[in-house]
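Next come the chains, spelled out residue by residue.
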Amino acid sequence: MSVEIKSPREIEAIRVASQMAAETLMLVGSLLRPGMTTEEINQIVHEDTIRRGATPSPLNYQGFPKSVCTSVNHVVCHGIPRSNEVLRNGDIINVDITSCYKGMHGDTSATFYIGTPSEEARKVTEAARKALALGIAQVRENARLGDIGGAIEEFVTSLGLAVVRDYTGHGIGRKFHEPPSVKHYGRRGSGIRLKAGMVFTIEPMINLGTHEVELLPDQWTVVTRDRKLSAQFEHTIVVTKTGCDILTRRSGVLLNSENFPWVSQGP
Ligand code: MF3
Ligand code: CO
Ligand code: CO
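I tried to follow the site of ligand 1 on my own but got confused; where do I start?
Near ligand 1 lie 14 residues; those nearest to it are Asp96, His170, His177, Glu203 and Glu234. The separation between an oxygen atom of ligand 1 and a polar side-chain atom of Glu234 is 3.0 Å. Protein coverage of the free-state accessible area of ligand 1, which is 340 Å², stands at 96%. Under a 2 Å grid-point criterion requiring more than half of the atoms, the pocket assigned to ligand 1 is the largest pocket. Taken together, the residues of the shell around ligand 1 break down into six nonpolar, four polar and four charged.

Now the structure itself:
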């Protein structure tokens, strides 16, 4: 499967959608509180996305029933928001937002702390945050796709943590998911050569215990086999001659995630 090279106009259109997703993610971060349900997050994402003139890509995507994925604690990815799922002090939650604007998708996610995290929650979350940064740092024209996974896997395994193998990053543009498949493990120096104008996500899922995952009977929710914690961060990026441009780069700090502002926990 060949990887599309996007034109400058296409890249700017993906950037607009990506910035909408990034803004909505920051909004969610600022509103997270113990006692909130994941269905409330879904409503916030849905309404904010529509308000921007975009549509939430997850809604009805291959039958996905909601506008955002909310993955709590041992849920690895694709968690379905629910009105009976209440966030508690000490939980971690990945909120994965994809906005579609004028036919282009932008995809980004972050893991947030609800209240005060345990040592383990902090370890896996900060490892996932750094894993994404290390993956992004590999990207430039003529680097290999495998450099990304190689760098991430080396770092994560050195901490005694595990990289999920069954789900990957992906090309993105007019389609939500397209080639290439971006593995978060593997060997440096392997895989296709990156070219300026390739647009894809990097979205490492990092587990505290085993890398093995299980699909729940709802056919969406992916959980760790050992039910230990999992964390994830995601950006949409475009390859450039000298590096890459993070299309979902945030204009501000993520409350309840970056800089550990365990603030706004409410009463
Ligand atoms: N946003 C997810 C990703 O990073 C995909 C979610 S698909 C859905 O690729 F249907 F669950 F929304
Ligand atoms: Co995503
Ligand atoms: Co993605």
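Help me understand the coordination of the cobalt ion (ligand 2), please; the structure alone is not making it clear to me.
Any two of four tetrahedral donors ideally make an angle of 109.5 degrees at the metal, while pairs among six octahedral donors ideally make 90 or 180 degrees. Binding of the cobalt ion (ligand 2) to the protein goes through Asp96 (OD), Asp96 (OD), Asp107 (OD) and Glu234 (OE), at separations of 2.1 to 2.4 Å. For the cobalt ion (ligand 2), the six donor atoms in the first shell make angles of 58 to 166° at the metal, a pattern classed as irregular. The metal-metal distance between the cobalt ion (ligand 2) and the cobalt ion (ligand 3) is 3.2 Å, with Asp107 coordinating both. Here the residue Asp107 occupies a position in strand E5 (residues 104–113), and Glu234 occupies one in the loop between strand E13 (230–232) and strand E14 (235–239), the gap between them amounting to 127 residues. The same class applies to Asp107 and to Glu234, which are both buried.

I tried to follow the coordination of the cobalt ion (ligand 3) on my own but got confused; where do I start?
Coordination sphere of the cobalt ion (ligand 3), protein contribution only: Asp107 (OD), His170 (NE2), Glu203 (OE) and Glu234 (OE), at 2.0 to 2.2 Å. Classification of the site at the cobalt ion (ligand 3) rests on its six donor atoms, whose angles at the metal span 51 to 161°, yielding the label irregular. Written as a sequence motif, the donor arrangement for the cobalt ion (ligand 3) is D-x62-H-x32-E-x30-E. With a relative accessible area of 3%, Asp107 lands in the buried category. Residue class for His170 comes out buried when judged on its relative accessible area of 6%.

Calculation notes
Residues numbered from 1 in each chain as written. Chains lettered and ligands numbered in written order. Predicted model: local features only at pLDDT ≥ 70, side-chain atom pairs only at ≥ 80, totals over all residues. Heavy atoms only, no water. Near = heavy atom within 4 Å. Polar contact = N/O pair within 3.5 Å; in protein donor to acceptor, adjacent residues only side chain to side chain. Areas by Shrake-Rupley, 256 points an atom, 1.4 Å probe, with all protein chains shown as cover. 1 Å grid on protein atoms, 1.4 Å probe; cavity = no way out; pocket = protein on both sides within 12 Å on 5 of 7 lines; lining within 4 Å. Sits in = over half its atoms within 2 Å of the grid points. Nonpolar A, V, L, I, M, F, W, Y, C, P; charged D, E, K, R; others polar. Donors = N, O, S within 2.8 Å, 3.2 Å for Na, K, Ca; no water. Tetrahedral: all angles 85-135°; square planar, octahedral: opposite > 155°, others 65-115°. Helix = DSSP H or I, 4+ residues; strand = E, 2+ residues; numbered from the N terminus. Buried < 20%, exposed > 50% of the residue type's maximum accessible area, 1.4 Å probe, protein only.

Function-wise, these values are silent; they only describe arrangement.
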